[in-house]
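Below, each chain spelled out in residue letters.
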Amino acid sequence: QFYVYGQVQKPGVYKLDRNMTVSRAISASGGLTSRGTERRAIVKRRGPDGKEQEYSARSTDLLQPDDILFIKESLF
């Protein structure tokens, strides 16, 4: 599973399918709101040490189990 929140239509927990990209995750959560942008997406992921790290995400990046995808608001 993975999590999506921020500027998407239906934030929540979703099933992680094989080869789930950031774009597919946004689509699974109902798409962007009128203020959302895929360009400023952030993935929060726990490292082996248990600490959460943030990464800038591109639309083609693959998600991993328990990733948290945060869709930020567009600047314009």
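Residues numbered from 1 in each chain as written. Predicted model: local features only at pLDDT ≥ 70, side-chain atom pairs only at ≥ 80, totals over all residues. Heavy atoms only, no water.

A few words on the environment of Gln7. Structurally, the position occupied by Gln7 is in the loop between strand 1 (2-6) and strand 2 (12-14). Along the primary structure Gln7 and Asn19 are separated by 12 residues, whereas in three dimensions their C-alpha atoms are 23 Å apart. Among the polar contacts listed, one links the side chain of Gln7 to the side chain of Thr33, at a separation of 2.8 Å. (Helix = DSSP H or I, 4+ residues; strand = E, 2+ residues; numbered from the N terminus. Polar contact = N/O pair within 3.5 Å; in protein donor to acceptor, adjacent residues only side chain to side chain.)

Relative to the helices and strands, Ala57 resides in the loop between strand 4 (52-56) and strand 5 (68-71). Residues in contact with Ala57, not counting those within four places in the same chain, are Val22, Glu38, Ala41 and Val43. (Contact = heavy atoms within 4.5 Å.)

Right, let's get into the packing of aromatic side chains. Summed over the entire model, instances satisfying the criterion amount to 2 aromatic pairs. Pairing Tyr5 with Phe70 gives two aromatic rings, centres 4.7 Å apart and planes at 25°, and the pair type is stacked. In this pair, Tyr5 is assigned in strand 1 and Phe70 in strand 5, connecting sequence segments 65 residues apart. Under the relative-accessibility criterion, Tyr5 is labelled partly exposed at 32%. (Phe/Tyr/Trp six-rings, centres within 6.5 Å; stacked < 30°, edge-to-face > 60°. Buried < 20%, exposed > 50% of the residue type's maximum accessible area, 1.4 Å probe, protein only.)

A word on the confidence of the model for the protein chain. Taken as a whole, the protein chain shows an average pLDDT of 95; of its residues, 99% reach a score of 70 or greater. Per-element averaging of pLDDT across the protein chain places strand 4 at the bottom with 95 and strand 2 at the top with 98. (pLDDT = per-residue confidence, 0-100.)

Looking now at the nonpolar core. Phe2, Val22, Leu63 and Leu69 are the most contacted members of the largest nonpolar core, which has 14 residues in total. Of all the secondary-structure elements, those providing two or more residues to this core are strand 1, helix 1 (22-28) and strand 5. It is helix 1 that provides the largest number of residues to this core, a total of 3 residues. Ignoring sequence-local partners within four residues, the contact set of Leu69 consists of Tyr3, Val4, Tyr5, Val22, Ala25, Ile26, Ala41, Ile42 and Val43. (Core = buried A, V, L, I, M, F, W, Y, C linked by side-chain atoms within 4.5 Å.)

What follows concerns the sheet that holds strand 2. Across the sheet, which stays open at both edges, the 5 strands sit in the order 2-1-5-3-4 with mixed pairing between neighbours. The strands lining the two open edges of the sheet, one partner per strand, are strand 2 and strand 4. Each neighbouring strand pair of the sheet contributes to a mean axis angle of 25°, computed without reference to strand direction. Sheet analysis places strand 1 next to strand 2, joined by 3 bridges and oriented antiparallel. Within the sheet, the bridge partner assigned to Val4 lies in strand 2 and is Gly12. (Pairing = 2+ DSSP bridges. Axes fitted to C-alpha atoms, helices over the stretch in contact; angles between N-to-C directions.)

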